[in-house]
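Analysis of the macromolecular model
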Amino acid sequence: MASQDISSIEGLQIESPAVNYTVVPREIPARIDASVGLEVRKSELKENGKGLYTTTAIKAGDMIFCVRKPLMNVISFMLKGYDTQPDCCDNCMTAKIPHVNMSSRYRDGSLDWATDINPPMMCCEKCNIVYYCSKTCQRTAWVDHHKAECETLCTLKKAGIFGNGDIPEAREFVRLLAIATTNVTDTVLEEIRAMPYAESWAEEFVRTLIGLVKPWVNSVIHEEDLVKLFNSMKSNLIPISVPLIFRTANTNPTLMVAWGIGKCLEPFAAMMSHSCAPNTFAVHEAGELRIRAARDIAAGEELTRSLRPEFSDFEDRQYWLSANFRFTCACELCKKGNIQPSGDLLERMIKLVGTDLMHVHCNLAGVEQGIADMRAAGFGWGTWPMRILHHHLIRAHNAMGKPAESLKDLLRIRYLVEPAQDPPTTPEERVHTLLSLHAFINAAVYGPSKARSEFPKVVRNVGIKIMLHTRAILTGEVEQAFGKDSQIAGFQRNLMASTKTCGHIQNEFQSALVPLADSAKEREEFVQGMNILLKWAGIPVLSEAEHMAFCQYETV
């Protein structure tokens with residue numbers, strides 16, 4: 001059969017200016033579970049195209065909307081023999097990660113680590129590419145999408161597209177084609193057609209990939225339409241990251257709060273305009289895409305997301321967005337211009353940011369000098385890349401066997417850097433800081449004797465008084481970052497409950513079980529203890545009101 005225009009088959013034809021935004025008036029799709037009032041209308045942040053607005057005020061951390069089943073969730077390749085990669089279920093996204101574990105199968109506060117947190121993983125026997133945590137997930141994925149993509153994945157594997165590395169673009173594109181040509185409604189196809197996109201800069205790779213997959217779809221889609229579809233997909237993918245459950249308090253600063261496992265494509269979320277300081281952030285829970293408020297959002301405000309996976313300096317953001325999405329960003333942050341270092345200082349900061357993290361301790365003096373030079377040049381604690389440099393210090397000091405210095409670095413991040421950041425610190429970043437802070441305080445109080453000996457007596461004494469509250473504050477921040485109904489929040493609440501019922505905890509912390517907001521005596525002791533720590537770390541002490549602002553989400 002001769003090749004046909006995709007629009008005549010599936011309604012997917014995409015027009016091809018450098019950046020395309022097609023306004024399609026429609027209601028909120030039925031698959032969207034909105035927690036607030038939402039409205040689709042012309043964007044105020046893009047030259048043309050639609051935007052997504054809230055009609056009600058939203059508090060920071062609140063759910064905005066949830067997509068129970070996004071158009072596609074694609075797990076990055078987890079090839080056998082790559083021990084640094086997690087095995088992750090291609091259906092429910094349950095992950096098995098060395099040393100640190102997360103699982104969407106975790107239920108009801110169970111601490112049965114062997115069965116809940118380390119599910120057995122099985123690979124598709126035909127393509128030997130995708131993994132599943134159970135036969136049920138394997139059967140579900142086969143019907144939903146894998147039956148339509150498995151043979152093509154085998155072909156691409158034989159052609160060497162996958163080889164010994166991870167080429168997620170191929171995996172993502174094959175999945176999109178599998179879904180678009182099998183089980184997507186006309187309404188969703190229209191949403192796919194309307195997604196904004198920019199022409200790809202990697203045209204040679206795209207043409208090569210399409211040459212391999214074209215025989216599979218040759219009778220349906222023209223090659224040029226495949227190129228446009230690929231560009232539309234790449235312009236709107238959302239990173240999938242899943243929160244990690246830590247077995248114990250861990251002072252390893254290289255561990256993350258969430259693990260990036262793949263990409264999600266959801267046309268409704270693609271309507272949100274870009275901002276380098278977005279008012280929303282995305283989290284994933286057992287395959288669901290959840291959009292939450294990064295800060296308080298006023299009624300009538302347009303919802304924004306960041307197309308840039310990681311925050312960077314002004315010049316880099318402008319260049320990256322122009323090269324990949326063909327527009328000059330004029331968000332509120334970028335309107336301020338370059339408020340970060342420039343010239344030789346910028347070049348030095350870029351080199352320090354790119355320091356090999358495995359050997360960052362070898363350049364400890366350079367990182368310390370970089371922070372001093374930033375301050376001498378008049379830049380505040382919250383200026384890029386101060387947070388990154390302080391995390392380099394934590395890694396370096398810990399690698400050198402100086403956990404007390406790492407604790408000082410964490411206190412500076414918590415009380416000097418994060419409050420001054422612009423754009424504001426993300427909920428996930430705050431959780432990362434608190435998790436590490438609690439872990440180091442725990443090591444000073446209850447770690448092995450050698451670890452405890454690395455901390456001065458004043459830290460050990462203060463740690464006993466404040467560590468339960470730091471755990472309670474961490475629990476509340478986890479709820480803000482991932483939602484009270486998330487598996488990781490349930491785990492943290494149960495961990496908090498089990499901690500309070502431990503015999504030695506009951507003996508030593510009887511009064512500390514009272515929430516800070518409910519007891520003037522508790523607040524006085526906590527503030528006194530924290531100020532002792534701050535003074536020890538060379539940080540100005542805070543008033544009770546200032547300390548309570550850091551503890552507003554405490555959950556006992």
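Reading the values: rules and limits
- Residues numbered from 1 in each chain as written.
- Predicted model: local features only at pLDDT ≥ 70, side-chain atom pairs only at ≥ 80, totals over all residues.
- Heavy atoms only, no water.
- Phe/Tyr/Trp six-rings, centres within 6.5 Å; stacked < 30°, edge-to-face > 60°.
- Lys NZ or Arg CZ within 6 Å of the ring centre and 35° of its normal.
- Helix = DSSP H or I, 4+ residues; strand = E, 2+ residues; numbered from the N terminus.
- Buried < 20%, exposed > 50% of the residue type's maximum accessible area, 1.4 Å probe, protein only.
- Contact = heavy atoms within 4.5 Å.
- Pairing = 2+ DSSP bridges.
- pLDDT = per-residue confidence, 0-100.
- Salt bridge = Lys/Arg side-chain N within 4 Å of Asp/Glu carboxyl O.
- Disulfide = S-S within 2.5 Å.
- Expected span 1.5 Å × (residues − 1).
- Axes fitted to C-alpha atoms, helices over the stretch in contact; angles between N-to-C directions.
- Core = buried A, V, L, I, M, F, W, Y, C linked by side-chain atoms within 4.5 Å.

1. A few points about the packing of aromatic side chains
Counted under the stated rule, the structure contains 4 aromatic pairs. The side chain of arginine 41 reaches across the aromatic face of tyrosine 53, ending 3.6 Å from its centre. Residue placement shows lysine 408 over the ring face of tryptophan 536; its charged tip is 5.0 Å from the ring centre.

2. Quick word on the environment of cysteine 551
The residue cysteine 551 is located in the segment after helix H20 (544-550) in this model. What makes cysteine 551 buried here is its relative accessible area of 8%. Along the chain, cysteine 551 and leucine 516 lie 35 residues apart, while their C-alpha atoms are 8.2 Å from each other. With residues near it in sequence (within four places) discarded, cysteine 551 still touches Ile473, Leu516 and Phe526.

3. Comments concerning the pairing of strand S5 (residues 63-67)
Among the 5 residues that make up S5, 5 are buried, leaving the element largely enclosed by the rest of the structure. Judged from the 3 bridges that link them, strand S2 (residues 32-34) and S5 form a sheet pairing that is antiparallel. Across the sheet, residue alanine 34 finds its bridge partner in S5, namely phenylalanine 65. Where S5 lies against strand S16 (residues 288-293), 4 bridges are found, and the strand directions are antiparallel. Considered in S16, the bridge of cysteine 66 is made with arginine 290.

4. Points about the confidence of the model for the protein chain
Residues of the protein chain with pLDDT of at least 70 account for 81%, and the chain-wide mean is 81. Low pLDDT (under 50) marks residues 79-86, which in the prediction has 18 contacts with non-local residues, meaning those over four places away or in another chain. Low confidence marks residues 98-116, where pLDDT is under 50. Its contacts with residues over four positions away, or in another chain, come to 50 contacts.

5. Details of the pattern of salt bridges
In this structure the tally under the stated criterion is 28 salt bridges. Of the charged contacts in the structure, one is a salt bridge between arginine 68 and glutamate 288, with a shortest N-O distance of 3.0 Å. Pair noted here: arginine 68 is in the loop between S5 and strand S6 (72-75) and glutamate 288 is in strand S16, with a separation of 220 residues, a long-range link. Given the relative accessible area of 45%, arginine 68 is considered partly exposed. Exposure remark for glutamate 288: the relative accessible area of 16% places this residue in the buried category. The network of salt bridges with common partners includes Asp33, Arg68, Glu288, Arg290 and Asp485.

6. A closer look at the state of the cysteines
The full count for this structure, using the stated rule, is 0 disulfides. Of the cysteine sulfurs around cysteine 89, a residue in no disulfide, the closest is that of cysteine 133, at 3.7 Å.

7. Re helix H7 (residues 223-236)
In this model, H7 (14 residues) spans 20 Å end to end at C-alpha, consistent with the 20 Å of a helix rising 1.5 Å per residue. The buried fraction of H7 is high, at 11 of 14 residues. For H7, every residue scored as buried is listed here: Asp225, Leu226, Val227, Lys228, Leu229, Phe230, Asn231, Ser232, Met233, Ser235 and Asn236.

8. Some points on the sheet that holds S16
Reading across the sheet, the 4 strands line up as S2-S5-S16-S15 and stay open at both edges, with antiparallel pairing between neighbours. Each end of this open sheet is capped by a strand with a single partner; those strands are S2 and strand S15 (280-285). The mean angle between the axes of side-by-side strands here comes to 20°, regardless of whether they run parallel or antiparallel. Pairing of S15 with S16 involves 6 bridges; the strand directions are antiparallel. Residue pairing in the sheet places threonine 280 in a bridge with alanine 293 of S16. Lying over the sheet, helix H16 (residues 457-482) contacts S15 and S16, oriented at roughly 110° with respect to S16.

9. Quick word on the nonpolar core
Residues Leu407, Leu411, Tyr415, Phe455, Phe526 and Leu533 are the most contacted members of the largest nonpolar core, which totals 46 residues. Of all elements in the fold, only S15, helix H13 (403-417), helix H14 (427-446), H16, helix H17 (487-500), helix H19 (520-536) and H20 reach the threshold of two or more residues within this core. Those residues in contact with tyrosine 415 that sit more than four places away from it in its chain are Met530, Leu534, Ile539, Leu542, His547 and Phe550. Ranked by size, the runner-up nonpolar core spans 44 residues in total, among them Cys127, Met195, Leu209 and Val213.

10. A closer look at the pairing of S6
What you see with S6 is no split at all: Met72 and Val74 on one side and Asn73 and Ile75 on the other are buried throughout. The pairing of S6 with strand S13 (residues 258-265) spans 4 bridges and is antiparallel. The residue bridging methionine 72 from the neighbouring strand is leucine 265, located in S13.

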